[in-house]
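Chain by chain, the residues run as shown.
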Amino acid sequence: MTKLAIIGGTGLTQLSDLKIIQKEKIDTPYGAPSAEFITGKLNTTEIVFLARHGNPHTIAPHKINYRANIWGLKQLGVEQIIAVAAVGGITNKMAPAHIAIPDQIIDYSYGRKHTFFDDEKHPLTHIDFSYPYNQQLRAALIKAAASVKINVSPSGTYGCTQGPRLESAAEIKRMEIDGCDLVGMTGMPEAALAKELGIDYAALSVIANWGAGKSSGEITMAEIEENLHIGMANVAKILKAFLSDTCHN
Ligand code: HPA
């Protein structure tokens, strides 16, 4: 059986249906991960859960120790990661509370520790990153969503900004011209690090708000919370359907 991890972002600090088996603190050569790794059963499948921003949710996107998180998951034998994250919607279909399963990334973040291949122990390797997200895992998530009749966007380009501030309207306009459908702050270097360690990686992006300048008025935390509440309930349904599929039993 393939060992699966779920990384939860804003709006998913814990998986309420997870029957916890154990919590582990793991030390890594890169420092401390965001939180304890929680092993537990979701449906009948054992999975590992990690709260990306810590529990409670305190670590800003640019301060997350992405290397420690991914290294820790590899230590636990994880072979697949489903990354759940809140995003802003840029293009028409990406309305608040909707879910997308992106297939491409553009990285606008900076100054993050973004590779394992930068010391004597890990000789320089240029990984292929043509398709940042694992196609089979994406296909399985798309199938799972269809099986519970949740309408998701089966593709989309995710633009990763530095945060923690939201973007200006001009930045979102530029991202749209670049081809971005979604904007988030944590997709990179997480996806690349998983690929460097050979872990299959796919994302469920939950749209919390329209990107800056795409709706009238300011983006409020109340609006974000409300949309995440709806979106995360659908994420839970997709995850359950995904796990009940034969390859995970
Ligand atoms: N921009 C970047 N990250 C986000 C947003 C946004 O508008 N909404 C939720 N995460």
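Nothing here was measured: the structure is a model prediction, and the numbers come from that model. (Residues numbered from 1 in each chain as written. Predicted model: local features only at pLDDT ≥ 70, side-chain atom pairs only at ≥ 80, totals over all residues. Heavy atoms only, no water.)

Focus: the overall build of the protein chain
Alright, step 1. When helices and strands are tallied, the protein chain shows five helices and eleven strands.
Alright, step 2. Here the protein chain has a C-alpha radius of gyration of 17 Å; the compact-globule value for 249 residues is 18 Å, and the two agree.
Alright, step 3. Expressed as lengths along the three principal axes of its C-alpha atoms, the size of the protein chain is roughly 45 × 45 × 35 Å.
Alright, step 4. For the protein chain, with 249 residues in total, the buried portion stands at 53%.
Alright, step 5. Once local pairs closer than 6 in sequence are excluded, the contacts in the protein chain between residues at least 24 apart make up 81%.
Alright, step 6. Within the structure as shown, the protein chain displays about 11600 Å² of accessible surface, and the carbon and sulfur contribution to it stands at 53%.
Alright, step 7. Counting 23 positive and 25 negative side-chain charges, the protein chain places the centres of these two groups 4 Å from one another. (Helix = DSSP H or I, 4+ residues; strand = E, 2+ residues; numbered from the N terminus. Rg over C-alpha atoms; globule rule 2.2 N^0.38 Å. Buried < 20%, exposed > 50% of the residue type's maximum accessible area, 1.4 Å probe, protein only. Contact = heavy atoms within 4.5 Å. Areas by Shrake-Rupley, 256 points an atom, 1.4 Å probe, with all protein chains shown as cover. Lys, Arg positive; Asp, Glu negative; His and termini not counted. Charge placed at Lys NZ, Arg CZ, Asp CG, Glu CD.)

Section: the pairing of strand β11 (residues 200-210)
Alright, step 1. Among the eleven residues of β11, nine are classified as buried, and the element is accordingly described as predominantly covered.
Alright, step 2. Note that strand β5 (residues 80-89) and β11 share ten bridges and pair parallel. Paired with Ala83 across the strands is Ala203, a residue of β11.
Alright, step 3. One ladder, built from two bridges, connects strand β6 (residues 99-100) with β11; its direction is antiparallel. Its bridge partner being in β11, Ala100 is matched across the sheet by Ser205. (Pairing = 2+ DSSP bridges.)

Quick notes on helix α2 (residues 135-147)
Alright, step 1. With 13 residues, α2 ought to run about 18 Å at 1.5 Å a step, and its terminal C-alpha atoms sit 18 Å apart, in line with that.
Alright, step 2. Among the residues of α2, those classed as buried are Leu137, Arg138, Leu141, Ala144 and Ala145. Along the long axis of α2, the arc covered by the buried residues comes to 125°, so they all point the same way. Those residues of α2 that are exposed and angled more than 90 degrees off the buried face are Gln136, Lys143 and Ala146.
Alright, step 3. Of the surrounding elements, those touching the buried residues of α2 are β5, β8 (152-153), β11 and α5 (221-244). (Expected span 1.5 Å × (residues − 1). Arc of directions from axis to C-beta.)

By themselves, these observations are geometric and do not establish any function.
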